Amino acid sequence: MRRQALYLGGFLGPFGGGVLTVLIPELRDRFDASTTAVTLAAITAYILPFAVVQLVSGTIGERLGTARTIRTAYVAYAAVSVLAAFVTSLIPFAIARAAQGTCNAFTTPLLLAALAETTAAATLGRTMGTFAAVQTLGIVSAPLCGGLAGAIDERLAFIVPAVVALGLAAIPIPVAAREAHARPPSLRSAVNERVWWAAAAAFLAYLAVTGVGFLVSIRAADSFGLGPTARGLLLAGFGFSGVIAGRPAGNLVDRRGRVAITTAGALACAVFVPLLGIVQVAGWMAAAWIAAGVGSALIWAGLNTITVRAAPENRAGAVSFIGAWKFAGNAAGPAVWLPLYHVREWLAFVLAGAASALIGGCARAADRPEG
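About the thresholds
Residues numbered from 1 in each chain as written. Predicted model: local features only at pLDDT ≥ 70, side-chain atom pairs only at ≥ 80, totals over all residues. Heavy atoms only, no water. Phe/Tyr/Trp six-rings, centres within 6.5 Å; stacked < 30°, edge-to-face > 60°. Helix = DSSP H or I, 4+ residues; strand = E, 2+ residues; numbered from the N terminus. Buried < 20%, exposed > 50% of the residue type's maximum accessible area, 1.4 Å probe, protein only. 1 Å grid on protein atoms, 1.4 Å probe; cavity = no way out; pocket = protein on both sides within 12 Å on 5 of 7 lines; lining within 4 Å. Points joined across faces, edges and corners; volume = space filled by probe spheres on them. Nonpolar A, V, L, I, M, F, W, Y, C, P; charged D, E, K, R; others polar. Contact = heavy atoms within 4.5 Å. Patch = residues over 30% accessible without salt bridge, like charges linked within 9 Å, V, L, I, M, F, W, Y side chains within 5 Å. Areas by Shrake-Rupley, 256 points an atom, 1.4 Å probe, with all protein chains shown as cover. Salt bridge = Lys/Arg side-chain N within 4 Å of Asp/Glu carboxyl O. Expected span 1.5 Å × (residues − 1).

A. Inspection of the packing of aromatic side chains at higher detail. Scanning the entire structure with this criterion turns up 11 aromatic pairs. Pairing Tyr206 with Trp300 gives two aromatic rings, centres 5.6 Å apart and planes at 90 degrees, and the pair type is edge-to-face. Note that Tyr206 is positioned in helix α11 (residues 193-208) and Trp300 in helix α15 (residues 282-309), a separation of 94 residues in sequence. An identical accessibility class is assigned to Tyr206 and Trp300; each is buried. In textbook terms, an aromatic cluster arises when at least three aromatic residues are bridged by ring pairs, as seen for Tyr46, Phe50, Tyr206, Trp300 and Phe327.

Here you go:
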């Protein structure tokens, strides 16, 4: 039960970020504000601190105590979620969303580190692959759950996660005991050469694979005339294939090695991502996107395993630092790929595929022994 609670906590972070994507119209009516203002308050206000605070949240959590920090973050998340549910103006709502993102910056990396600390080396890949699959499930299910909440009362999108967070806070968190004489970890101990290479791999994985999802939607409309429902189903294929493939990908990491599986996933994406801009049939585009989702699952099963080993003296600090760069890659996607798409629609996908091919080399550098 305790380990399952760690996975559920990993689900909560990406779920909280995406659950409001389908509720923008309802929130626009609730606050009598523009679509742009509500989107910034509901989405950007959450994602930005969630990413930026992760530069230091793992180290802070290591210094204060992993279990105590996670539990405090859960309780705080529940409190600000209730606040977000009942505020009546947009600025307090945006502040509450920023607080939610900040709280989850103190749960996601610490949960991953706690799983690594309490998992035997022989099954670490399976655990990391499962955690990646659970996070992908959070991303995929968030719009669906948000839509169901909106059909009843959009405040349920805040209240239900608040109740879940309080329940998680009540469950003991399994963490490895630190030696009494060990010095409190510093940010410097979390950021070594291997961590920088892992951060580069994470940045590329989100920039060149996950970060082209918006282009998939645009091309599906521009080239194939797909409507919003069809585009939504097409995009969901990536996530669902990642959920299904996550645990088996982790098993492959345990059997074949973390670098080998990360590289295999990167090479698969290097093949299938360019096809997204080349194929001339919508069904083939959907198949390529599903295959890219499997490749992404392989990447993250291996890369998560590399990440939790990159700085064992400050594991959570390294995990959170790398996580910040991961989300930076996702944020950079539109600025990088959209201008190229407007030049030639296939060009952005081909260059994204080339960028994904670099992930394996970064992973190999991140897995080298120190010194």
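Once you've had a look at it, read on.
B. A look at empty space enclosed by the protein. If you walk through the whole model with that rule in mind, you get three cavities of 30 Å³ or more. The space that makes up the largest cavity amounts to roughly 130 Å³. As for the largest cavity, its lining consists of 14 residues, of which Leu112, Asn304, Val319, Gly323 and Lys326 are closest to the centre. Listing elements by their share of the lining of the largest cavity, those giving two or more residues are α7 (108-117), α8 (124-152), α15 and α16 (315-343). Ranked by residue count, the leading element in the lining of the largest cavity is α16, at five residues. Residue classes in the lining of the largest cavity are distributed as seven nonpolar, six polar and one charged.

C. Broad picture of the side chain of Gln135. Relative to the helices and strands, Gln135 is located in helix α8. Every residue in contact with Gln135, bar those within four places of it in the chain, is listed here: Gly10, Pro14, Thr108 and Lys326.

D. View of a nonpolar patch on the surface. Nonpolar side chains collect at one region of the surface, where Leu48, Val52, Leu55, Val56, Ile60, Leu64, Leu187, Trp196 and Trp325 lie side by side and expose about 770 Å² of accessible area between them. Of all the elements in the fold, those that place two or more residues in the nonpolar patch are α3 (35-52) and α4 (54-64). No other element matches the four residues that α4 contributes to the nonpolar patch. On the accessibility criterion, Leu48 (53% relative accessible area) is exposed.

E. View of helix α14 (residues 258-275). Taking 1.5 Å of rise per residue, 18 residues should cover 26 Å, and α14 covers 26 Å from first to last C-alpha, within 8% of that figure. Three or more residues of α14 are buried, namely Val259, Ile261, Thr262, Gly265, Ala266, Ala268, Cys269, Val273 and Pro274. For α14, the elements touching its buried residues are α11, α13 (228-256), α15, α17 (345-356) and α18 (359-366).

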